[in-house]
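Chain and residue survey
Here is how the chains run, residue by residue.
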Amino acid sequence: MDARIDTAAAFGVDLGDAHIIRNAGGSSREALRSIVISEQLLGTREIVLIKHTGCGMLTFTNADAHDLVQERLGQAAAGEIAALDFLPFPELDQAVRDDVAFLRAQSVIPNTIAVSGWVYDVETGRVRHVV
Ligand SMILES: [Zn+2]
């Protein structure tokens, strides 16, 4: 989701080459619906999961986010999202490993689909393979 990352330029992906699913934290759990559609309806064969350095998701907890909504938007808004997991994470590489493990554990993602996890460095523009 990070506005500093031009995915097409950063990864050499041309228009029509890939489905790029972006969300806060590069969450595989949040992306699962789109991933299943991409693979089962549109025939993609590989998942490249990429999180990035300097990610805002490293900076807060679920309680922090819920408190912020309560404080800024009030009880009704806080109540509407009471069960929402914002999926923050305290450690970048572990979050990449966890998200790849989540994808590999899903029956809707067959073993024939390659899954890898990477970290994009927003300072250098380099990508590092994690898993
Ligand atoms: Zn981020």
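The name given to the chain in an unreviewed UniProt entry is Carbonic anhydrase, and the organism recorded there is Sporothrix eucalyptigena. UniProt lists a comment for the chain under the heading Sequence similarities (unreviewed entry), and it reads "Belongs to the beta-class carbonic anhydrase family." In its Cofactor (unreviewed entry) section, the UniProt record describing the chain reads: "Zn(2+)".

1. Observations regarding the overall build of the chain
Looking only at helices and strands, one finds five helices and three strands in the chain. Shown N-terminal to C-terminal, the secondary structure of the chain runs as helices and strands in the order α-α-β-α-α-α-β-β. The principal-axis extent of the C-alpha atoms belonging to the chain is close to 45 × 35 × 25 Å. Taken over 131 residues, the chain has a buried fraction of 31%.

2. Some words on the packing of aromatic side chains
Evaluated as defined, the whole model comprises one aromatic pair. Pairing Phe11 with Tyr120 gives two aromatic rings, centres 5.7 Å apart and planes at 65 degrees, and the pair type is edge-to-face. With Phe11 in helix 1 (residues 7-11) and Tyr120 in strand 2 (residues 114-120), this residue pair connects regions lying 109 residues apart in the sequence. Of the residues examined, Phe11 reaches a relative accessible area of 30% and is grouped as partly exposed.

3. Quick notes on helix 2 (residues 28-41)
Relative to the 20 Å expected for 14 residues at 1.5 Å per residue, helix 2 spans 18 Å between its end C-alpha atoms, a close match to the ideal helical length. Along helix 2, the helix axis deviates most sharply at Ser34, where the bend reaches about 40 degrees. Among all positions in helix 2, only Ser28, Ala31, Leu32, Ile35, Ser38 and Glu39 are buried. Packing partners of the buried residues in helix 2 comprise strand 1 (46-52) and helix 5 (92-104). Here helix 2 starts with a cap whose side-chain oxygen sits 3.3 Å from the backbone nitrogen of Arg29, and that cap is Ser27. Of the residues one or two after helix 2, Gly43 is the one with positive phi, at around 80 degrees.

4. Here we look at the coordination of the zinc ion
As a benchmark, a tetrahedral metal site with four donors has ideal angles of 109.5 degrees, while an octahedral site with six donors has ideal angles of 90 or 180 degrees. Protein-derived ligands of the zinc ion are His52 (NE2) and Cys55 (SG), with the metal-ligand distances lying across 2.1 to 2.3 Å. Take His52: its relative accessible area is 9%, and that puts it in the buried class. By relative accessible area, Cys55 is classed as buried at 5%.

5. A few points about the pattern of salt bridges
Taken as a whole, this structure holds three salt bridges when the rule is applied. In this structure, the salt-bridge partner of Arg4 is Asp2, at a minimum N-O distance of 2.7 Å. For Asp2, a relative accessible area of 16% corresponds to the buried category. The residue Asp93 makes a salt bridge to Arg128 at a minimum N-O spacing of 2.9 Å. Here Arg128 lies in strand 3 (residues 127-129) and Asp93 lies in helix 5, a separation of 35 residues in the sequence. Assessed through its relative accessible area of 18%, Asp93 is described here as buried.

Rules of the game
- Residues numbered from 1 in each chain as written.
- Predicted model: local features only at pLDDT ≥ 70, side-chain atom pairs only at ≥ 80, totals over all residues.
- Heavy atoms only, no water.
- UniProt positions renumbered as here; feature names shortened; annotations may be inferred.
- Helix = DSSP H or I, 4+ residues; strand = E, 2+ residues; numbered from the N terminus.
- Buried < 20%, exposed > 50% of the residue type's maximum accessible area, 1.4 Å probe, protein only.
- Phe/Tyr/Trp six-rings, centres within 6.5 Å; stacked < 30°, edge-to-face > 60°.
- Expected span 1.5 Å × (residues − 1).
- Bend = angle between axes of the 7 residues up to and from the residue.
- Contact = heavy atoms within 4.5 Å.
- Polar contact = N/O pair within 3.5 Å; in protein donor to acceptor, adjacent residues only side chain to side chain.
- Donors = N, O, S within 2.8 Å, 3.2 Å for Na, K, Ca; no water.
- Salt bridge = Lys/Arg side-chain N within 4 Å of Asp/Glu carboxyl O.

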